[in-house]
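Below are the chains, spelled out letter by letter.
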Amino acid sequence: AARLKPLQALSAAWLAHLGYMHDDFDDMAKYLALALQLAAPDHHAARARAALVAASGYHWANRLDLAQPWYTRAREHAGAEDDEALLSSVTFMLACHRCNHASRASVFGGVDNAEAHRAQAWLDASFNFDQWVGAAAQDSFVCTLRAQLYSAEQQHAQALALYEIHLHHAEQQGLAHMRAVHLADQAWCRFHTGD
């Protein structure tokens, strides 16, 4: 109502993020376009968040070639604001998407060891960055991603062990929306361990 363009741009970036998180890609695209339209070139908070949403959308669609420039923009804008939380999110999202791609490869045609190794490297980078800046690490998030990687590398017993220990706590930390994915991966692991 007050027509505060910077606030509208930042709000649109967050609404784009929510659209992405809820798999509402029409809303994601609509609010992403609005955020980029309204944000001034030096409105780093809005542009960093919008860039991370664009990167995530492309990466989810397995288009790292299109995601990479957006990841770069997200890091540049976050760095301009010394926004350590967003820098952490960029690294964590890269790890998440690489884990997902390694998992998909495992289920639909074979182990992609190269992608699994890249996912592990980004996961380690995310954890180490959070430790370095003193951020509260979401250990259970990281452990469920490690479980997903074990599953993708056909180390199903190790994956099940991590899920058993960490999945409930990870859901309490904010991963409840991923429950179906984790249950499906546990079932996949149980199938491969003879259960």
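Note that the structure is a prediction, hence the values are computed from the model and not measured. (Residues numbered from 1 in each chain as written. Predicted model: local features only at pLDDT ≥ 70, side-chain atom pairs only at ≥ 80, totals over all residues. Heavy atoms only, no water.)

Chemist: Which residues make up the overall build of the protein chain, and what values go with them?
Modeler: Of regular secondary structure, the protein chain possesses nine helices and zero strands. When the helices and strands of the protein chain are placed in sequence order, the string is α-α-α-α-α-α-α-α-α. With respect to the three principal axes, the spread of C-alpha positions in the protein chain is 60 × 35 × 30 Å. Scored against the burial criterion, the 195 residues of the protein chain give a buried share of 43%. Counting only contacts in the protein chain whose residues sit at least 6 apart along the sequence, the fraction spanning at least 24 positions is 59%. Per element, the accessible surface of the protein chain, about 10300 Å² overall, is 57% carbon and sulfur. If you average the places of the 14 positive and of the 21 negative side-chain charges in the protein chain, the two averages end up 7 Å apart. (Helix = DSSP H or I, 4+ residues; strand = E, 2+ residues; numbered from the N terminus. Buried < 20%, exposed > 50% of the residue type's maximum accessible area, 1.4 Å probe, protein only. Contact = heavy atoms within 4.5 Å. Areas by Shrake-Rupley, 256 points an atom, 1.4 Å probe, with all protein chains shown as cover. Lys, Arg positive; Asp, Glu negative; His and termini not counted. Charge placed at Lys NZ, Arg CZ, Asp CG, Glu CD.)

Chemist: Quick rundown of the side chain of Gln148? Include the residues and the values.
Modeler: The residue Gln148 is located in helix α7 (residues 139–152) in this model. For Gln148, the contacting residues outside a window of four places in its chain are Cys99, Asn100, Ser103, Tyr163 and Asp185.

Chemist: Which residues make up the packing of aromatic side chains, and what values go with them?
Modeler: Per the counting criterion, the structure on display carries two aromatic pairs. We note Arg73 situated over the ring of Trp70; from NZ or CZ to the ring centre the distance is 4.3 Å. The ring of Trp60 carries Arg104 above its face, with NZ or CZ at 4.5 Å from the centroid. (Phe/Tyr/Trp six-rings, centres within 6.5 Å; stacked < 30°, edge-to-face > 60°. Lys NZ or Arg CZ within 6 Å of the ring centre and 35° of its normal.)

Chemist: So what's going on with the confidence of the model for the protein chain? Residues and values would help.
Modeler: Per-residue pLDDT for the protein chain averages 89, and the proportion of residues at 70 or more is 97%. The least confident element of the protein chain is helix α6 (residues 113–133), whose mean pLDDT is 81; the most confident is helix α2 (residues 25–38), at 97. (pLDDT = per-residue confidence, 0-100.)

Chemist: Which residues make up the layout of surface pockets, and what values go with them?
Modeler: One way to see where empty space is left: roll a probe the size of a water molecule over the atoms. When its volume is computed, the second largest pocket comes out at roughly 270 Å³. What lines the second largest pocket is Trp60, Asn100, Ser103, Arg104, Val107, Phe108, Gln148, Val181, Ala184, Asp185 and Trp188. Within the residue set of the lining of the second largest pocket, elements represented by two or more residues are α5 (84–107) and α9 (179–192). Class assignment for the residues of the lining of the second largest pocket results in six nonpolar, three polar and two charged. (1 Å grid on protein atoms, 1.4 Å probe; cavity = no way out; pocket = protein on both sides within 12 Å on 5 of 7 lines; lining within 4 Å. Points joined across faces, edges and corners; volume = space filled by probe spheres on them. Nonpolar A, V, L, I, M, F, W, Y, C, P; charged D, E, K, R; others polar.)

Chemist: Kindly report on the packing of helix α1 (residues 5–21) against helix α3 (residues 44–60), identifying the contributing residues and their values.
Modeler: α3 packs onto α1 with a crossing angle of 20 degrees between their chain directions and a minimal axis gap of 8 Å. Classified by the angle their axes make, α1 and α3 are roughly parallel. The way α1 lies across α3 gives a crossing that is left-handed. Contact residues: Ala9, Leu10, Ala13, Trp14, Ala16, His17 and Tyr20 in α1; Ala45, Ala46, Arg49, Ala50, Val53, Ser56, Gly57 and Trp60 in α3. (Axes fitted to C-alpha atoms, helices over the stretch in contact; angles between N-to-C directions. Parallel < 35°, antiparallel > 145°, perpendicular 65-115°, else oblique. Left-handed = near helix turned anticlockwise from the far one by under 90°.)

Chemist: I'd love a proper account of α9, names of residues and values included.
Modeler: Spanning 14 residues, α9 covers 20 Å between terminal C-alpha atoms, matching the ideal 20 Å at 1.5 Å per step. Taken together, the buried residues of α9 touch α7 and α8 (156–175). Where α9 terminates, the next one or two residues include Gly194, which has phi positive at roughly 90 degrees. (Expected span 1.5 Å × (residues − 1).)

Chemist: Mind laying out the nonpolar core, listing which residues take part and the relevant values?
Modeler: Counting residues in each nonpolar core, the largest one holds 23 residues, and the members touching the most others are Leu32, Leu52, Val53, Tyr71 and Val90. Looking at this core, the elements that each hand over two or more residues are α1, α2, α3, α4 (64–80) and α5. Top contributing element to this core by residue count: α3, with seven residues. (Core = buried A, V, L, I, M, F, W, Y, C linked by side-chain atoms within 4.5 Å.)

Chemist: An account of the pattern of salt bridges is needed here, citing residue identities and associated values.
Modeler: One pass over the structure, following the stated rule, counts eight salt bridges. With a shortest N-O distance of 2.6 Å, Arg63 and Asp65 are connected by a salt bridge. With a relative accessible area of 48%, Asp65 lands in the partly exposed category. The partner of Glu171 in a salt bridge is Arg179, and the shortest N-O contact between them spans 2.8 Å. What makes Arg179 partly exposed here is its relative accessible area of 40%. Bridged by salt links that share partners, the residues Arg98, Glu115 and Arg118 form one connected network. (Salt bridge = Lys/Arg side-chain N within 4 Å of Asp/Glu carboxyl O.)

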